[in-house]
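Take a look at the letters that make up each chain.
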Amino acid sequence: MEEEITQRGLILYGSGKMGCALLKGWLDSGLSEKSIGVIEPEPNYWLKSLRANGLNLNGNLPNKPLFCILAVKPQIINDILIDVKRMLVDDTIILSVMAGIRLKVLQRHFGNHVPIIRAMPNTPALIKKGITSIIESSPVTESQMMLAERIFNTVGKTIRLKKESHMDAVTAISGSGPAYVFYFIEALKEAGIAQGLSHDLALKLACTTVSGAGQLADISSDDPKKLREDVTSPRGTTQAALDILMEDKAGLKFLINRAVKAAADKSRELGK
């Protein structure tokens, strides 16, 4: 981790699943517990155990933090503003992972001069397979963006957005997307059980198939459509299943479009 981050430290406000995933990534990358301050009203056992290594939990926070990461539910932003403002110095970079909260809203709360970066990581960050999209406010410099990228690269990949309006779609696809995939695995498992497989076998087949197909799609130079076509023999078993999944008004693509739109609309609603 960058020497400047080590020297000045950072503050993590909120440590649910995402906050803990980020924290684990930072520690695994070499950042010392002594450089990190965590504010969490209900710390779990793991957080409490890190105190022995010097983690500053709910007290003794870094005096001039380089970053303050807001990893709380967007609905409570007004409840934490006074606390957060006390922690900041002029060049502290605010990293917000709160879904839906716009840069202009954050600037209204903290000031137009404060460097603020919005980020949308996702839960595969827990195994360093996450992807985080980021976009900055105007005071943020290129060097500050590079530091933010390093913060999130500890838990996966990072991409920069050109338009903040894209963040709602990002939230709906990659932020919420793991839940859709887990539900697909759940459905595939239950379909296997319905065809006579045991629970454990159906679950193993579903999980490994989805994981392997996802990794193949990620590293392949072929478009997912081409990969699908390569698996599908005319009038074969895969085609029989796809005939159902690809129905115009009741198929998977139709449902996914509706689902992603609903999530993106909710993100826009939160932003208001």
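Residues numbered from 1 in each chain as written. Predicted model: local features only at pLDDT ≥ 70, side-chain atom pairs only at ≥ 80, totals over all residues. Heavy atoms only, no water.

1. Topic: the overall build of the chain
Point 1. Scanning the chain from terminus to terminus reveals 12 helices and eight strands.
Point 2. Once the C-alpha set of the chain is aligned to its principal axes, its extents read approximately 65 × 40 × 35 Å.
Point 3. Scored against the burial criterion, the 272 residues of the chain give a buried share of 43%.
Point 4. Taking the contacts inside the chain whose residues are at least 6 apart along the sequence as the reference set, 63% of them involve residues at least 24 apart.
Point 5. Surface accessibility of the chain: about 15500 Å² in total, with carbon and sulfur atoms responsible for 55%.
Point 6. Taking the average location of the 34 positive side-chain charges in the chain and that of its 29 negative ones, the two points are 3 Å from each other. (Helix = DSSP H or I, 4+ residues; strand = E, 2+ residues; numbered from the N terminus. Buried < 20%, exposed > 50% of the residue type's maximum accessible area, 1.4 Å probe, protein only. Contact = heavy atoms within 4.5 Å. Areas by Shrake-Rupley, 256 points an atom, 1.4 Å probe, with all protein chains shown as cover. Lys, Arg positive; Asp, Glu negative; His and termini not counted. Charge placed at Lys NZ, Arg CZ, Asp CG, Glu CD.)

2. Quick notes on the side chain of E33
Point 1. Counting through the fold element by element, E33 comes out in the loop between α2 (17-28) and β2 (36-39).
Point 2. One buried charged residue, E33, forms no salt bridge at all, with the nearest opposite charge on K34 at 8.1 Å. (Salt bridge = Lys/Arg side-chain N within 4 Å of Asp/Glu carboxyl O.)

3. Quick look at the pattern of salt bridges
Point 1. Counting across every chain of the model gives 14 salt bridges.
Point 2. Close ionic contact of K157 with D218 constitutes a salt bridge, the shortest N to O distance being 3.4 Å. Taken as a pair, K157 in strand β8 (residues 156-160) and D218 in helix α9 (residues 199-219) lie far apart in primary sequence, 61 residues in all.
Point 3. Residue K157 is classed as partly exposed on the basis of its relative accessible area, which comes to 48%.
Point 4. On the accessibility criterion, D218 (53% relative accessible area) is exposed.

4. Side note on the side chain of T92
Point 1. Checked against the element boundaries, T92 lands in the loop between α4 (77-87) and β5 (93-96).
Point 2. A polar contact is formed between the side chain of T92 and the backbone nitrogen of V89, at a distance of 3.1 Å.
Point 3. Filtering out sequence-adjacent residues up to four positions away, T92 remains in contact with R8, P65, L66, F67, C68, V114 and P115. (Polar contact = N/O pair within 3.5 Å; in protein donor to acceptor, adjacent residues only side chain to side chain.)

5. Overview of a nonpolar patch on the surface
Point 1. Together, F184, L188, L245, M246, L252 and I256 line one region of the surface with nonpolar side chains, adding up to about 480 Å² of accessible area.
Point 2. Elements with a contribution of two residues or more to the nonpolar patch: α8 (177-194) and α12 (252-271).
Point 3. Structurally, L188 is set in helix α8.
Point 4. A residue is classified by how much of its surface remains accessible, and L188, at 35% relative accessible area, is partly exposed. (Patch = residues over 30% accessible without salt bridge, like charges linked within 9 Å, V, L, I, M, F, W, Y side chains within 5 Å.)

6. Section: the nonpolar core
Point 1. Counting 35 residues, the largest nonpolar core has L10, L23, W26, I36 and F67 as its most contacted members.
Point 2. Sort the elements by how many residues they give to this core and α2 lands first, with seven residues.
Point 3. Discounting chain neighbours no more than four positions away, the residues touching L23 are L12, I36, V38, W46, L47 and L50.
Point 4. In this structure, V84, L106, I116 and L161 belong to the second largest nonpolar core, which totals 25 residues. (Core = buried A, V, L, I, M, F, W, Y, C linked by side-chain atoms within 4.5 Å.)

7. Examining the pairing of β8
Point 1. Across five bridges, strand β7 (residues 130-136) lies against β8 in parallel orientation. Bridge pairing in β8 links T132 to T158.
Point 2. Handedness of the β7-helix α6 (residues 142-153)-β8 crossover: right-handed. (Pairing = 2+ DSSP bridges. Right-handed = clockwise from strand over helix to strand, strands pointing away.)

8. Observations regarding the sheet that holds β8
Point 1. Strands sit in the order β3-β2-β1-β4-β5-β6-β7-β8 across an open sheet of eight strands; the sheet is mixed. Every interior strand has two partners, whereas the edge strands, β3 (56-57) and β8, have only one.
Point 2. Each of β4 (67-70), β5, β6 (116-120) and β7 is contacted by helix α5 (residues 103-110), which is oriented at about 140 degrees to β6, the strand it contacts most. (Axes fitted to C-alpha atoms, helices over the stretch in contact; angles between N-to-C directions.)

9. Here's the deal with the pairing of β2
Point 1. Of the two faces of β2, the one holding I36 and V38 and the one holding G37 and I39 are both buried throughout.
Point 2. Summarising the sheet, strand β1 (residues 10-13) and β2 pair through four bridges and their orientation is parallel. Its bridge partner being in β2, L10 is matched across the sheet by I36.
Point 3. Alignment of β2 against β3, held across two bridges, turns out to be parallel. Across the sheet, the residue bridging to G37 is N56, located in β3.

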